[in-house]
Amino acid sequence: MATPARPRSSASAASFPRAKRIRKRADFVRIQNGGHRVTTRHLLILVAAPVAAPPRGGAPRCAEQGAEGGGAAAPPGSSRLGLVASRKVGGAVARNRAKRLLREAFRRFPELFPDRVDIVVILRTGAGSLGLEDVLAELRSVVPVLRRRARDAIAAAPPIAAARASRARGPGERDAGDPAAPARSR
């Protein structure tokens, strides 16, 4: 006789939704090349301002669009997290456990992470042997630096509205406040 399947725990309470994940390689590369760095003994944390890039359909994605808008943008004011763990961290079990602990810290302790930024955490050697309390202690030790780097990243980023407007205009179109641009003939 087959045993009945156990009901899963509340998925919404323990989930890590797609809107809060960094999933595309281009995003990882952008953050790793231009992100502001914060280091601890076992973690390298990179912080960068989010970019509202168009999805595959080609239309610009608004930060206000949630899952209902069709885009994968995070809700306004929230951060996204990406994790990188090489074999230096340990075997597959150790790497997955370390990444699971960081996701848990990101989900359960949002006050440790700044708002409105993209965060990539690169796990270093020895991170596979950490427990949740060790991860939280490392994160708590760099919270002020992390917030300062996030402010710097947001201040250094080009305004999203200006970038979105320039993508929306065609090559021959001009903005009302840009008299030097050639007018488009109709």
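Residues numbered from 1 in each chain as written. Predicted model: local features only at pLDDT ≥ 70, side-chain atom pairs only at ≥ 80, totals over all residues. Heavy atoms only, no water.

*Asks:* Describe the side chain of T40, and please don't skip the residues or the numbers.
*Replies:* One can find T40 in the loop between β1 (36–39) and β2 (43–48). Within the structure, the side chain of T40 is placed 2.5 Å from the side chain of E138, a separation counted as a polar contact. Apart from the residues within four sequence positions on either side, T40 is in contact with R124, E138 and V142. (Helix = DSSP H or I, 4+ residues; strand = E, 2+ residues; numbered from the N terminus. Polar contact = N/O pair within 3.5 Å; in protein donor to acceptor, adjacent residues only side chain to side chain. Contact = heavy atoms within 4.5 Å.)

*Asks:* Any chance you could break down the pattern of salt bridges for me, citing the residues and the numbers?
*Replies:* Scanning the model with the defined rule gives six salt bridges in all. With its nearest N and O atoms 3.9 Å apart, the salt bridge here joins D27 to R30. One end of the pair, D27, and the other, R30, are both in helix α1 (residues 25–34), three residues apart, so they sit about a helical turn from each other. Of the residues examined, D27 reaches a relative accessible area of 16% and is grouped as buried. The closest approach of N and O atoms between E104 and R107, which form a salt bridge, is 2.9 Å. With E104 and R107 both in helix α2 (residues 92–108) and three residues apart, the pair spans about one turn of that helix. When its relative accessible area of 23% is taken as the criterion, E104 is described as partly exposed. Bridged by salt links that share partners, the residues D27, R30, R80 and D118 form one connected network. (Salt bridge = Lys/Arg side-chain N within 4 Å of Asp/Glu carboxyl O. Buried < 20%, exposed > 50% of the residue type's maximum accessible area, 1.4 Å probe, protein only.)

*Asks:* Help me get a handle on the packing of aromatic side chains, residues and values and all.
*Replies:* One pass over the structure, following the stated rule, counts two aromatic pairs. Taking 5.8 Å as the distance between ring centres and 90 degrees as the angle between the ring planes, the aromatic pair formed by F16 and F106 counts as edge-to-face. A residue pair is termed long-range when its members are at least 10 positions apart, and F16 in the segment before α1 and F106 in helix α2 qualify at 90 residues. For the pair F16 and F106, a shared accessibility class is recorded, and that class is buried. (Phe/Tyr/Trp six-rings, centres within 6.5 Å; stacked < 30°, edge-to-face > 60°.)

*Asks:* A description of helix α3 (residues 132–141) should follow, citing residues and the corresponding values.
*Replies:* In an α-helix there are 3.6 residues to a turn, and that puts residues three or four apart on one side. Among the residues of α3, those classed as buried are V135, L136, E138 and L139. Around the axis of α3, the buried residues are gathered within 160 degrees of arc, so they sit on the same side. Facing away from the buried surface of α3 by more than 90 degrees, the exposed residues are E133 and S141. The inward-facing, buried residues of α3 contact β2, α2 and α4 (143–156). (Arc of directions from axis to C-beta.)

*Asks:* Can you lay out the sheet that holds β1 for me, pointing to particular residues and giving the numbers?
*Replies:* Spatial strand order, β1-β2-β4-β3: four strands in an open sheet with mixed pairing. Where the open sheet ends on each side, the last strands, each with one partner, are β1 and β3 (80–85). Averaged over all pairs of adjacent strands, the angle between strand axes in this sheet comes to 20 degrees, irrespective of strand direction. As defined by bridge partners, β3 adjoins strand β4 (residues 118–123) across six bridges and the pair is classed as parallel. From the neighbouring strand, A85 faces β4, where its bridge partner is L123. (Pairing = 2+ DSSP bridges. Axes fitted to C-alpha atoms, helices over the stretch in contact; angles between N-to-C directions.)

*Asks:* Hey, could you go over the pairing of β3 for me, with residue numbers and the actual values?
*Replies:* Counting buried residues in β3 gives five out of six residues, a clear majority hidden from the surface. The handedness of the β3 to β4 crossover, carried by α2, is left-handed. (Right-handed = clockwise from strand over helix to strand, strands pointing away.)

*Asks:* Outline the packing of α2 against α3, supporting the account with residue identities and numerical values.
*Replies:* The interhelical angle for the contact between α2 and α3, taken along N-to-C directions, is 60 degrees, at an axis separation of 10 Å. Comparing their axes, α3 and α2 come out oblique. In this structure, the crossing between α2 and α3 has a hand that is right-handed. Contacts from L101, L102, E104, A105 and R108 of α2 reach α3 at L132, V135, L136 and L139. The residue inventory of the contact of α2 with α3, partitioned by class, reads seven nonpolar, no polar and two charged. (Parallel < 35°, antiparallel > 145°, perpendicular 65-115°, else oblique. Left-handed = near helix turned anticlockwise from the far one by under 90°. Nonpolar A, V, L, I, M, F, W, Y, C, P; charged D, E, K, R; others polar.)

Distances and angles like these do not, on their own, reveal function.
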